[in-house]
Amino acid sequence: MKAPVNVEIALTHIFTRKKQMLIAALGVTIGIALYIFSNSLMKGFTKYSRNEMFKTMPHIKVFKEDEISKPLLASANSQSLTVIRNPRMTTLSKSLVNPYALIKTIQQEKYVRNVTAQVNIDFFYSNGKTQLKGMGSGVNILEADAMFSIQSTLLAGSLQDLAHNQNAIVIGKGIAEKMNVGIDDNITVTSSRGVVKNMKIVGIFSTGNKSTDEQKAYLHTTAAQQLAKESANYATDIYVSVHNPDSSLVYAAKLQQIMPYKVEDWQTTNADILATDKIRMIMNNVVALAMMMVAAFGIYNILNMTISQKLNDIAILKAVGFSGKDIIKIFVTEALIMGVVGTLIGLGIGAILIEILSRVYIGKPIGYFPIYYNLNTFLVGGSFGLLVSLGAGYLPARKAASVDPVEIFRK
Amino acid sequence: MNNKKIILSTKNLTKYFHEPVKFKALDSVSFEVYAGEFLTLVGKSGSGKSTLLYCLSTMDTTYEGELFIDNQKVTNQKTDELAQLRGTSIGFVFQFHYLLPEFSCLKNVMIPALKLGKYSHEEIEAKAYQKLALLGLQDQALKPASKLSGGQQQRVSIARALINDPKIIMGDEPTGNLDSKNTEIVFNIFRELSQDLGQTIIAVTHDNDFAKASDRTIELADGQIISHRKVYE
Ligand SMILES: Nc1ncnc2c1ncn2[C@@H]1O[C@H](COP(=O)(O)OP(=O)(O)OP(=O)(O)O)[C@@H](O)[C@H]1O
Ligand SMILES: [Mg+2]
């Protein structure tokens, strides 16, 4: 099958101006490669910092919200008075009633991956005279590990020991350094309820977050309950992880309907971080868009030049039966060919840059350079490149279509 | 010639140019052209021959009066319809040779037929060779159009005008750039086309012998027809 005559003419125009057309196409290449590359960098960075965040933060948290006394008691009828009082926090205990039954309920939801109860308490570490403020999480360490992959942050020791030993503790690296303690050393913990416990260090972790590493410790649930002077049915929070963290907002709303306590997703808790992410993404896209506009101008320019050199040809084509639409097709095809060539090379270069950078090893705790891409980035980049070329071709093509052959022939 | 069929006619065709001053280039031109007729247009330089031909060709649509081709009113048709009409029914030869310089002679001849899409690529190629041979150019077929002499280019553009077997062939001084030998070749081809194939020829010419040998000559002066010299009847 031979190409249609419009395409054949377009190809001839392109082959007789290979160099200029290639340069115009390379404009698109740069725009698209830049878009894909910077977009993937951004996504990689976001993904990395998300993962960092999810090392200590659950996707969804169930907890008892501080209650504020109602400031106003409305009058029941016109005869009685309205009482106004000073609003005050009325929370007596952070305890969830029957948390383990709630966990069973939550586990039934099919979007839920893991659920674990937390007994969070504030306490002081002490070793001889040194004292350090800290936060303890009483957890079933195996469940917590499934959620936060604590194992991967462990520098020394083992989580297994914490699962079996009620007097074991796993502490952050900063605590170990400040208190000058190591594996198998003892450390004294004093809770705000005045309970003192002597605990054995079985593990040391490092999350990469300084304040976490200088405060946090994992304890056995029972030990935490004892420090809080509470019963074995005590928990302060229920942590939930879901299969798709991006939909946490929706899942939290669903959970809220079946939970008697406050349900909060990470997106609500970190609205500020998400807003920054969004702004960064927009800025990135604006830069790529500006690049594409420059590329579009390149295509527009070369086509405009071709058309003003080819007024004679256009007049002849019109004289022998080509309609305005045919002329538009010819020049839009030229723009599209440049667009396709530029786009394909751009996609290739983008992919190569990503491939190279993703092999760069930065070292602990980051590891390989965080870069993330998906098919979508390439699809958006590609279709955008084609769309822009189409637009950049259409404007001069329409001008070509309106050439009056008689005016040309008279000259 | 009995039973004459009108293939093209004009009624009070009037054309003004507005730049630089308002100027009447054609003044109520009315005439009829018959199928298979070999018609020539003559007149002094500036008398309006080219202007009239562009109106007849359907490329110029800014005139007053009416134009009919093959019993259809062409005036006020849409530009796309006119392009289609040019592709199927009208072949052109321009005053100056107008070929697409980047294509071979063969391609130049083939392009109007490829656009029309009535025949396969192979059939069109064979036909194009045949038309080039008719004008003695079969050896030049694969050369780029820009590498030919002026007279050769002129003949290629005549071959191109013939490719779709149009009902009407129009030429603005089609032999203007040709020597007497080639002028004779072109004249004989036009003669054959009109006599044997029933194609209509409308040609502007300054060549008196050429005009005399045609079926009929219309003479223009200041945008008006001043004589119809009819050879037959
Ligand atoms: N685009 C134009 N704008 C203004 N006047 C024009 C234009 N084209 C032609 N004319 C005028 O119209 C008149 C007819 O021109 P035309 O080209 O039809 O003459 P012609 O008979 O073909 O002459 P020639 O034998 O020299 O080719 C001339 O007086 C010319 O100056
Ligand atoms: Mg003229």
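Preceding block: the structure.
Let us look at the structure shown here. (Residues numbered from 1 in each chain as written. Chains lettered and ligands numbered in written order. Predicted model: local features only at pLDDT ≥ 70, side-chain atom pairs only at ≥ 80, totals over all residues. Heavy atoms only, no water.)

1. Considering the site of ligand 1
- With respect to spatial proximity, 16 residues lie near ligand 1, and among them B:Ser45, B:Gly46, B:Lys49, B:Ser50 and B:Thr51 are the closest.
- Mapping the residues adjacent to ligand 1 onto the chains of the assembly identifies chains A and B.
- B:Ser47 places a main-chain nitrogen or oxygen 3.3 Å from an oxygen atom of ligand 1.
- When ligand 1 is considered free in solution it has 640 Å² of accessible area, and contact with the protein chains removes 69% of it.
- Elements represented by at least two residues in the shell around ligand 1 include exactly β2 (23–34) and α1 (49–56) of chain B.
- Element by element, the count of residues in the shell around ligand 1 is highest for α1(B), at three residues.
- A per-class count over the shell around ligand 1 returns three nonpolar, eight polar and five charged. (Near = heavy atom within 4 Å. Polar contact = N/O pair within 3.5 Å; in protein donor to acceptor, adjacent residues only side chain to side chain. Areas by Shrake-Rupley, 256 points an atom, 1.4 Å probe, with all protein chains shown as cover. Helix = DSSP H or I, 4+ residues; strand = E, 2+ residues; numbered from the N terminus. Nonpolar A, V, L, I, M, F, W, Y, C, P; charged D, E, K, R; others polar.)

2. Details of the pattern of salt bridges
- Overall, the coordinates contain 24 salt bridges over all chains when judged by the stated rule.
- Residue A:Asp184 pairs with A:Lys200 through a salt bridge whose shortest N-O separation is 3.8 Å. With A:Asp184 in the loop between α6 (173–179) and β8 (186–191) and A:Lys200 in strand β9 (residues 196–205), this pair connects stretches of sequence that are 16 residues apart.
- The exposure class assigned to A:Lys200 is partly exposed, which follows from its relative accessible area of 34%.
- Where salt bridges share partners, they join A:Arg17, A:Lys310, A:Asp313 and B:Glu102 into one cluster. (Salt bridge = Lys/Arg side-chain N within 4 Å of Asp/Glu carboxyl O. Buried < 20%, exposed > 50% of the residue type's maximum accessible area, 1.4 Å probe, protein only.)

3. Examining the environment of B:Thr200
Residues and elements named next belong to chain B.
- Mapped onto the elements of the fold, Thr200 is located in strand β8 (residues 200–204).
- Measuring from C-alpha to C-alpha, the distance between Thr200 and Ile226 comes to 22 Å, with 26 residues separating the pair along the chain.
- With near-sequence residues (within four places) excluded, Thr200 lies in contact with Ile7, Val33, Tyr34, Ala35, Gly36, Glu37, Lys167, Ile168 and Ile169.
- A distance of 3.1 Å separates the side chain of Thr200 from the backbone nitrogen of Gly36, its partner in a polar contact. (Contact = heavy atoms within 4.5 Å.)

4. Observations concerning the interface of chain B and chain A
- Taken together, the contact between chain B and chain A spans 24 residues of the former and 29 residues of the latter.
- In terms of surface lost to chain A, no three residues of chain B exceed B:Tyr98, B:Glu102 and B:Lys115, which account for 27% of the buried area on that side.
- The interface formed by chain B and chain A contains seven residue pairs in polar contact (both at pLDDT 80 or more).
- At the level of secondary structure, the elements contributing two or more residues to the side of chain B that touches chain A comprise α1, α2 (79–89) and α3 (105–116) of chain B. (Buried area = accessible area lost by both parts, 1.4 Å probe.)

5. Here we look at the packing of helix α1 (residues 5–15) of chain A against helix α13 (residues 324–358) of chain A
Residue and element names in this part refer to chain A.
- Running from N to C, α1 and α13 cross one another at 50 degrees; their axes reach a closest spacing of 8 Å. The pairing of α1 with α13 is recorded here as oblique in orientation. Helix-helix and strand crossings are classified by hand; for α1 and α13 the assignment is right-handed. On α13, the residues touching Asn6, Val7, Ile9, Ala10, Leu11, His13 and Ile14 of α1 are Asp326, Lys329, Ile330, Phe331, Thr333, Glu334 and Ile337.
- Per-class residue counts for the contact of α1 with α13 are eight nonpolar, three polar and three charged. (Axes fitted to C-alpha atoms, helices over the stretch in contact; angles between N-to-C directions. Parallel < 35°, antiparallel > 145°, perpendicular 65-115°, else oblique. Left-handed = near helix turned anticlockwise from the far one by under 90°.)

6. Concerning the side chain of A:Asn304
Residues and elements named next belong to chain A.
- With respect to the element layout, Asn304 can be found in helix α11 (residues 271–309).
- A polar side-chain atom of Asn304 sits 3.0 Å from a polar atom in the side chain of Lys399.
- Residues in contact with Asn304, not counting those within four places in the same chain, are Pro396 and Lys399.

7. Topic: the pairing of strand β10 (residues 216–220) of chain A
Residues and elements named next belong to chain A.
- Buried residues dominate β10, accounting for five of its five residues.
- With five bridges connecting them, strand β5 (residues 130–139) and β10 associate as parallel partners. Counterpart to Val139 in the pairing with β10 is His220.
- Judged from the three bridges that link them, strand β7 (residues 168–172) and β10 form a sheet pairing that is antiparallel. Residue Ile171 lies in a different strand from β10, and its bridge partner there is Ala217. (Pairing = 2+ DSSP bridges.)

8. Points about the sheet that holds strand β5 (residues 72–73) of chain B
All names here are of chain B.
- Overall, antiparallel pairing links the four strands, which are arranged β2-β1-β4-β5 in an open sheet. Of all the strands in the sheet, the pair left with one neighbour each is β2 and β5.
- The pairing of strand β1 (residues 6–17) with strand β4 (residues 64–69) spans five bridges and is classified as antiparallel. From the neighbouring strand, Ser9 faces β4, where its bridge partner is Phe68.

9. Some points on the pairing of β9(A)
Residues and elements named next belong to chain A.
- With seven of its ten residues buried, β9 lies for the most part within the structure.
- Judged from the three bridges that link them, strand β6 (residues 154–157) and β9 form a sheet pairing that is antiparallel. Within β9, the residue paired with Leu154 across the bridge is Phe205.
- Looking at chain direction, β7 and β9 are connected through five bridges and run parallel. Its bridge partner being in β9, Gly172 is matched across the sheet by Phe205.
- Here β8 runs beside β9; their pairing, made up of five bridges, is antiparallel. Looking across to β9, one finds that Thr190 is bridged to Val196.
- The antiparallel pairing of β8 with β9 creates a hairpin that spans four residues between the two strands, and Gly194 there sits at a positive phi of about 90 degrees.

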